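Report on the structure
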Amino acid sequence: MRYFVAHIYKLAVILHNSLKIKTLMKFNIIIFLTTILLSFQCVNGQDRQITKIESVQSLYIESFFDSQFLGSATGFIIKSKTQNYLITNWHVATNKDPNTEKWINPNSQVSPNKIKILQNSKILGEYSITEEELIAKNGSKLFSEFKINNSIVDVVAIPIKDTISNVKLYPVNYNKTSDSIIVMPTDRVFVLGFPKGFKSAPALPIWKSGLIASEPDIDQEGKPIIWIDILGYGGMSGSPVYLITDKLNYKNGSSSNLIGGTETFFMGVFSHGQFDISTGALWKGTYLKSLFNSLP
């Protein structure tokens with residue numbers, strides 16, 4: 001790669017010194033080659049940086065039944081007391097509606113038996129594909145699912161078993177939720193996922209933002225859900241949601257303004273929605289925290 005980059009640089013120098021190429025054309029070619037040079041330095045060099053750790057915490061995932069592709073979604077890693085888990089939606093892991101337990105797509109009545117994860121490499125910007133089984137040979141589920149009042153929580157925890165040496169995990173701090181601060185309608189939250197499988201280069205999530213659209217302390221659909229005013233799409237299922245703010249109003253009546261920085265809170269997991277009216281469902285992080293802490 002260094003050899004290739006060096007030759008691009010030499011070619012740019014030769015073009016710059018050439019008198020046979022019109023100035024404007026020469027300028028455009030040099031700009032094009034310089035862009036390629038900078039791209040390779042950014043993607044393959046060691047000087048790459050990210051400004052938000054959350055950008056590497058959302059992972060692109062695909063569900064399969066054997067070799068049959070069923071769909072794409074988003075997941076993220078958490079660490080329990082003993083091991084790492086991939087968090088995503090129950091409907092992603094089952095291909096069923098959690099409210100009715102019927103098939104999401106009547107034309108595809110099959111549940112995935114494995115999931116593929118595009119994991120971060122130890123070299124930023126490089127990736128490895130790992131695979132996790134969802135169903136054991138005896139037909140039992142290999143992931144943890146949860147219920148509330150006999151209703152299915154649309155969140156699952158899949159144990160990470162496929163570990164290879166060059167994978168680097170970036171667990172989400174799910175314990176840092178908004179318990180102690182005041183959250184209200186019109187507060188902006190960020191959903192980091194892969195809408196319709198779309199990624200930002202090289203394979204990072206899309207940062208989508210939305211406004212809290214319901215009173216956070218009042219459950220929606222009889223479950224610990226908050227409505228978000230957001231343009232949602234397939235592929236965003238399982239996305240972590242964050243509140244990133246420099247103004248903190250605490251429930252005890254105190255407040256503070258952060259100077260020169262922000263604080264990030266885990267708000268929960270994006271699930272389903274009424275996308276025709278730009279509304280999405282957020283499973284509350286304050287509720288999920290206790291479920292995640294109960295994992296072995």
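I will try to describe carefully the structure that is included in this document.

On to the overall build of the protein. Counting its secondary structure elements, the protein contains 4 helices and 15 strands. Residues classed as buried in the protein amount to 46% of the 296 residues present. Sequence-distant contacts in the protein: of pairs separated by 6 or more residues, those separated by 24 or more amount to 62%. Accessible area of the protein: about 15800 Å², with a carbon and sulfur share of 55%.

One finds I78, I87, V153, V155, F266, L288 and F292 to be the most contacted residues of the largest nonpolar core, which totals 25 residues. Ranked by the residues each element gives to this core, the list is headed by helix α4 (residues 285-293), at 4 residues. If sequence neighbours within four positions are ignored, L288 has contacts with V153, V155, G268, V269 and W283.

Cis geometry marks the peptide bond from A201 to P202; its omega dihedral reads -5°. Among the secondary structure elements, P202 is positioned in the loop between β8 (188-193) and β9 (206-212). The phi dihedral of N150 falls on the positive side, at around 70°, and the residue is not glycine. The residue N150 is located in the loop between β6 (144-148) and β7 (151-159) in this model. Taking relative accessible area as the criterion, N150 reaches 73% and is therefore assigned exposed.

Our focus in this paragraph is the sheet that holds strand β4 (residues 114-120). Overall, antiparallel pairing links the 7 strands, which are arranged β5-β4-β1-β2-β3-β7-β6 in an open sheet. The strands lining the two open edges of the sheet, one partner per strand, are β5 (127-133) and β6. Ignoring which end each strand starts from, the neighbouring axes of this sheet average 35° apart. Summarising the sheet, β4 and β5 pair through 7 bridges and their orientation is antiparallel. Among the inter-strand pairings, I117 is bridged to a residue of β5, identified as T130. Contacting β2 (68-79), β3 (84-88), β6 and β7, α4 crosses the sheet at an angle of about 50° to β7.

Strand order in the closed barrel formed by 6 strands is β8-β9-β10-β15-β14-β11, and the pairing between neighbours is antiparallel. Mean inter-strand twist for the sheet, computed between neighbouring axes without regard to direction, equals 45°. Relative to strand β10 (residues 225-229), β9 runs antiparallel, the two sharing 2 bridges. What sits directly across from L211, in β10, is D229.

On to the packing of aromatic side chains, then. Two measures describe an aromatic ring pair: the distance that separates the ring centres and the angle between the ring planes. Under the criterion given, the structure shown has 6 aromatic pairs. Between Y174 and F292 the ring centres are 5.3 Å apart and the planes differ by 90°, which places this aromatic pair in the edge-to-face class. Linking Y174 in the loop between β7 and β8 with F292 in helix α4, this pair joins segments that are 118 residues apart in sequence. Comparing Y174 with F292, the two get one shared label, buried. Between F270 and F275, the ring centres sit 6.3 Å apart and the planes meet at 5°, which makes this aromatic pair stacked. A cation sits over an aromatic face here: K116 above F64, 4.8 Å from the ring centre. Here the guanidinium or amino end of K199 rests over the ring plane of Y60, the centre of that ring lying 3.9 Å away.

Moving on to the pattern of salt bridges. According to the stated counting rule, one finds 5 salt bridges in the structure shown. A salt bridge links K141 to E145; the shortest N-O distance between them is 3.3 Å. Given a relative accessible area of 40%, K141 falls into the partly exposed group. In this structure, K289 and D179 form a salt bridge, with 3.3 Å as the shortest nitrogen-oxygen distance. One end of the pair, K289, is in helix α4; the other, D179, is in the loop between β7 and β8, and 110 residues separate them in sequence.

Before going further, it helps to spend a moment on the environment of N252. The residue N252 is located in the loop between β12 (247-249) and β13 (255-257) in this model. Using a relative accessible area of 64% as the deciding quantity, one classes N252 as exposed. With 71 residues separating them in the primary sequence, N252 and I181 have C-alpha atoms 8.4 Å apart. Among the polar contacts listed, one links the side chain of N252 to the side chain of S254, at a separation of 2.7 Å.

About the cut-offs
- Residues numbered from 1 in each chain as written.
- Predicted model: local features only at pLDDT ≥ 70, side-chain atom pairs only at ≥ 80, totals over all residues.
- Heavy atoms only, no water.
- Helix = DSSP H or I, 4+ residues; strand = E, 2+ residues; numbered from the N terminus.
- Buried < 20%, exposed > 50% of the residue type's maximum accessible area, 1.4 Å probe, protein only.
- Contact = heavy atoms within 4.5 Å.
- Areas by Shrake-Rupley, 256 points an atom, 1.4 Å probe, with all protein chains shown as cover.
- Core = buried A, V, L, I, M, F, W, Y, C linked by side-chain atoms within 4.5 Å.
- Pairing = 2+ DSSP bridges.
- Axes fitted to C-alpha atoms, helices over the stretch in contact; angles between N-to-C directions.
- Phe/Tyr/Trp six-rings, centres within 6.5 Å; stacked < 30°, edge-to-face > 60°.
- Lys NZ or Arg CZ within 6 Å of the ring centre and 35° of its normal.
- Salt bridge = Lys/Arg side-chain N within 4 Å of Asp/Glu carboxyl O.
- Polar contact = N/O pair within 3.5 Å; in protein donor to acceptor, adjacent residues only side chain to side chain.

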